[in-house]
Amino acid sequence: MHLDVSAASVLDVYRLLVEVVTPRPIAWVTSVDREGRVNLAPFSFFNAFGANPPVVVFSPTLRRDGTKKDTLRNVEAIGEFVIHAAVESLAREVNLSSKELPFGDSEVALAGLKLIPSLRVKPPRLAEAPTALECRLIQIVPIGSGPIAANLVIGEVLMFHVDDAVLDEHGRVDPRKLRTIARLGGDYYCRSTDLFEMKRPM
Ligand SMILES: Cc1cc2nc3c(=O)[nH]c(=O)nc-3n(C[C@H](O)[C@H](O)[C@H](O)COP(=O)(O)O)c2cc1C
């Protein structure tokens, strides 16, 4: 099949894009509004883009009605956020936290999660999550307009938190212990348990 974007609907383009660009890691993001109310939501338009300084990007797209998601509004207002890895043991909570709640209502309570203060940024981190990256906003790059238009939230990681329970004997993160999940097309997810190793060519 072929799909010419110029002749296709936004929804068809979106569906195909997320079926083809897979698996996508999931940023599980806490942010706060000016009143300090905590918001939590997952974003699979997400990745890391460099390490000096460590840079991450995720994209809260515009809603189908063209409005901004709460996470985007909070990051615009406060300029800080925390990204947690989505892991198998918290898959249900990740999914629950994607529920559209009224601005100011917390998905943290809905998912039955606990918060701990962050060290370098205002938004707290999730107590249950094995990893947390405290981030400061570098720039927001809006691309396009209308439903599902991208907003690249570019952030610098200021602080890493990793639960010792997911480390191996050398102090490296053991993927068999961390067990991240990732997003495929439709309602599909995948685990990171079917691993293989390959040495880089010399
Ligand atoms: C696993 C998963 C990944 C998601 N990825 C994205 C994404 O990359 N961008 C986006 O705008 N919405 C994404 N969503 C939907 C948002 O999580 C959802 O719109 C959420 O209500 C936004 O919350 P907020 O308005 O509190 O920021 C995803 C949902 C799930 C379950």
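Q: Could you clarify how one ought to interpret the overall build of the protein in this entry?
A: Along the protein, the regular secondary structure elements total 5 helices and 12 strands. On C-alpha atoms alone, the protein measures out to a radius of gyration of 17 Å, which is about the 17 Å that the 2.2 N^0.38 rule sets for 202 residues. Counting only C-alpha atoms, the protein reaches 55 × 50 × 35 Å along its principal axes. By the burial criterion, 29% of the 202 residues in the protein qualify as buried.

Q: Even after reading the chapter, I still don't get unusual backbone geometry, so can you show me in this structure?
A: Generally, phi is negative for residues other than glycine and the peptide bonds are trans, each holding for most cases. Looking along the chain, the bond that leaves T22 and enters P23 is cis, with omega of -15 degrees. Secondary-structure assignment places P23 in the loop between helix 1 (10–20) and strand 1 (24–25). Of note, the bond from N52 into P53 is cis; its omega dihedral lies within 30 degrees of zero at 5 degrees. Structurally, P53 can be placed in the loop between strand 4 (46–51) and strand 5 (54–58). Phi is positive for R179, close to 50 degrees, though the residue is something other than glycine. Looking at where R179 falls in the secondary structure, it is placed in the loop between helix 5 (175–178) and strand 11 (181–183).

Q: Help me understand the site of the ligand in this model?
A: Around the ligand, the structure places 18 residues, and the nearest of them are A41, F45, K69, D70 and T71. Sorting the residues of the shell around the ligand by element identifies strand 3 (38–43), helix 2 (70–78) and helix 3 (91–96) as the ones contributing at least two each. Here the shell around the ligand gets 4 residues from one element, more than from any other, and that element is strand 3. Split into classes, the residues belonging to the shell around the ligand amount to 7 nonpolar, 7 polar and 4 charged.

Q: Where do I start with the nonpolar core in this structure?
A: Among soluble globular proteins, nonpolar side chains are generally buried collectively. Formed by 33 residues in total, the largest nonpolar core has its most connected members in V29 and I83. Only strand 2 (27–32), strand 3, strand 5, helix 2, strand 6 (80–85) and strand 9 (131–143) provide two or more residues apiece to this core. Leaving out residues up to four positions away in the same chain, V29 has contacts with A41, F43, F58, T71, F81, V82 and I83.

Q: Honestly, the sheet that holds strand 11 in this entry has me stumped. Any pointers?
A: Read from one edge to the other, the open sheet built from 3 strands follows the order 1-11-12, with strand pairing classed as antiparallel. A strand with exactly one partner marks an edge of an open sheet, and here the two such strands are strand 1 and strand 12 (189–191).

Q: Before we go on, may I ask you to explain the pairing of strand 2 in this structure?
A: Along any regular strand, the residues point their side chains to alternate faces of the sheet. The element strand 2 is largely enclosed, with a buried count of 6 among its 6 residues. Here strand 2 runs beside strand 3; their pairing, made up of 6 bridges, is antiparallel. Pairing of A27 across the sheet is with F43, part of strand 3. Between strand 2 and strand 3, which pair antiparallel and follow one another directly, the connecting turn spans 5 residues, one of which, G36, has a positive phi of 85 degrees. Sheet topology places strand 2 next to strand 6; 4 bridges connect them, and they run antiparallel. Each residue of the ladder has a partner; that of V29, found in strand 6, is I83.

Q: What's the story with the sheet that holds strand 3 in this structure? I'm lost.
A: Within a sheet, neighbouring strands are paired by backbone hydrogen bonds and run either parallel or antiparallel to one another. Strands sit in the order 3-2-6-9-10-5-4 across an open sheet of 7 strands; the sheet is antiparallel. Edge positions in the open sheet fall to strand 3 and strand 4, since each of these has one partner strand only. Adjacent strand axes in the sheet meet at a mean angle of 30 degrees, parallel and antiparallel pairs treated alike. As judged from the 5 bridges shared by strand 6 and strand 9, these two strands associate in the antiparallel manner. Within the sheet, the bridge partner assigned to F81 lies in strand 9 and is C135.

Q: Looking at this structure, I do not really get the confidence of the model for the protein. What am I missing?
A: Residues shown with low pLDDT carry predicted positions that ought not to be read at fine detail. Chain-level statistics for the protein give a pLDDT mean of 97 and a share of 100% at 70 or above. At the level of individual helices and strands, the protein shows its lowest average pLDDT in helix 4 (residues 107–110), which scores 88, and its highest in strand 5, which scores 99.

Q: When you look at the pairing of strand 4 in this model, what are you seeing that I'm missing?
A: In terms of strand pairing, strand 4 meets strand 5 through 5 bridges, oriented antiparallel. The residue bridging G50 from the neighbouring strand is V55, located in strand 5. The loop that links strand 4 with its antiparallel partner strand 5 comprises 2 residues.

What counts, and where the lines are drawn
- Residues numbered from 1 in each chain as written.
- Predicted model: local features only at pLDDT ≥ 70, side-chain atom pairs only at ≥ 80, totals over all residues.
- Helix = DSSP H or I, 4+ residues; strand = E, 2+ residues; numbered from the N terminus.
- Rg over C-alpha atoms; globule rule 2.2 N^0.38 Å.
- Buried ≥ 20, exposed ≤ 12 C-beta atoms within 10 Å, placed from the backbone.
- Near = placed C-beta within 6 Å.
- Nonpolar A, V, L, I, M, F, W, Y, C, P; charged D, E, K, R; others polar.
- Core = buried A, V, L, I, M, F, W, Y, C linked by C-beta atoms within 7 Å.
- Contact = placed C-beta atoms within 7 Å.
- Pairing = 2+ DSSP bridges.
- Axes fitted to C-alpha atoms, helices over the stretch in contact; angles between N-to-C directions.
- pLDDT = per-residue confidence, 0-100.

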